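What follows is the residue order along each chain.
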Amino acid sequence: MTGELFINDKDAWSTWNVKLADNSYENLLSPYPMKSYIENESRSQDGKQVFITNPKKNSRQIILIFDITCSSRSEYLTKYKDFKNEISNGQIKLAVTSIDETYYLYMEDPQSLDMGIGFTDGKVAVRFTEPLGETIIYDVLATEGQSILITDDNKTLLI
């Protein structure tokens, strides 16, 4: 199971004894929803016009189920807490080698963690959002008298 799943470039099995449950692959491979088409319902024309050129994908929410397997309850709880902290820290990079795909996801609501705990193993269900667009992460926040400016070479300036 080593080398099958990477979260933030860390091997999920080696680090947390975590693997994806089988139905999670289907969730990752499901089609993206499409953004609404532009429509024109002019009073001067019958029906409506629908502009379907240049369709675009929308962001999506997906539920992934992770299996955690350990040799003891204390190891399980430690691995679960470390895993929870890793996926709760903003955007994650999820690389799945068996389907040769990489996803950039974030968890909007930490309450979306659902743990089915056993003595040495359990399942963790997590609802992620995949924005599909460019995620902007600010390292600094402007004060009330300052503004943030992003330059062409992606440098952040306070003005």
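These lines cover the structure that appears in this document, whether it is placed above or below. For every chain, the first residue of the written sequence is number 1, and numbering continues from 1 along that sequence. Given that the model is predicted, a residue must reach a pLDDT of at least 70 before its local features are reported, and side-chain atom pairs must reach 80 or more before they are shown or counted; all residues, however, enter totals for whole chains, interfaces and linings. Working from all heavy atoms in the structure, the side-chain values ignore hydrogens and water.

There is a patch of nonpolar side chains on the surface, built from Met-34, Tyr-37, Val-50 and Ile-52 and spanning about 370 Å² of accessible area. Going along the chain from the N terminus, every DSSP run of H or I of four or more residues is numbered as a helix, and every run of E of two or more is numbered as a strand. Note that Ile-52 resides in the loop between strand S5 (49–51) and strand S6 (60–69). Judged by relative accessible area, Ile-52 falls into the exposed class, the value being 53%. Candidates for patches are residues over 30% relative accessible area with no salt bridge; among them, like charges are joined within 9 Å and nonpolar side chains (Val, Leu, Ile, Met, Phe, Trp, Tyr) within 5 Å. Each accessible area is a Shrake-Rupley estimate made with a 1.4 Å probe; only the visible protein chains count as cover when residues are assessed. A pairing counts as a salt bridge when a side-chain nitrogen of Lys or Arg comes within 4 Å of a carboxyl oxygen of Asp or Glu. Partly exposed residues are those whose accessible area sits between 20% and 50% of the maximum for their type, while under 20% is buried and over 50% is exposed, using a 1.4 Å probe and protein chains only.

Another point: unusual backbone geometry. Phi angles above zero are rare outside glycine, and Asp-9 is one such case at about 65°. With respect to the secondary-structure elements, Asp-9 resides in the loop between strand S1 (5–7) and strand S2 (10–11). Unusually for a residue other than glycine, Asp-100 sits at a positive phi of about 55°. Within the element layout of this structure, Asp-100 appears in the loop between strand S7 (91–96) and strand S8 (101–106). Taking relative accessible area as the criterion, Asp-100 reaches 68% and is therefore assigned exposed.

Attention now goes to the pattern of salt bridges. The final tally for this structure, using the stated rule, is five salt bridges. One salt bridge connects Lys-93 with Asp-9, and the closest N-O pair in it is separated by 3.2 Å. Taken together, the residues span a long stretch of sequence, with Lys-93 in strand S7 and Asp-9 in the loop between S1 and S2 at a distance of 84 residues. Among the residues examined, Lys-93 registers a relative accessible area of 27% and is labelled partly exposed. Given the relative accessible area of 59%, Asp-9 is considered exposed. Ionic pairing is found between Lys-123 and Asp-67, a salt bridge with its closest N-O pair at 2.6 Å. Taken as a pair, Lys-123 in strand S10 (residues 121–130) and Asp-67 in strand S6 lie far apart in primary sequence, 56 residues in all. What makes Lys-123 partly exposed here is its relative accessible area of 45%.

With that settled, consider the nonpolar core. By nonpolar core is meant a set of buried Ala, Val, Leu, Ile, Met, Phe, Trp, Tyr and Cys residues that side-chain atoms within 4.5 Å join together. Ranked by size, the top nonpolar core spans 25 residues in total, and within it Ile-7, Leu-64, Phe-66, Phe-83, Leu-94 and Phe-128 carry the most contacts. Of all the secondary-structure elements, those providing two or more residues to this core are S1, helix H1 (12–16), strand S3 (18–20), S6, helix H3 (73–87), S7, S8 and S10. Excluding its chain neighbours within four sequence positions, the residues that come into contact with Leu-64 are Leu-20, Ser-24, Leu-28, Leu-94, Leu-105, Val-124, Ala-125, Val-126 and Phe-128. Note on definitions: a residue-residue contact is assigned when non-hydrogen atoms from the two residues lie within 4.5 Å.

Time to look at the packing of aromatic side chains. Two numbers describe a pair of aromatic rings. These are the distance of the centres and the angle of the planes. The rule is short: rings of Phe, Tyr and Trp, with Trp giving its six-membered ring, pair when the centres are within 6.5 Å, and they are stacked under 30 degrees, edge-to-face over 60, tilted in between. Counting across every chain of the model gives two aromatic pairs. Every member of this aromatic cluster is reached through a ring pair, and the members are Trp-16, Phe-66 and Phe-83. In this structure, Arg-60 packs its charged tip against the face of Tyr-32, placed 4.1 Å from the ring centre. Should the NZ of a Lys or the CZ of an Arg lie within 6 Å of a ring centre and within 35 degrees of the ring normal, that charge is described as sitting over the ring.

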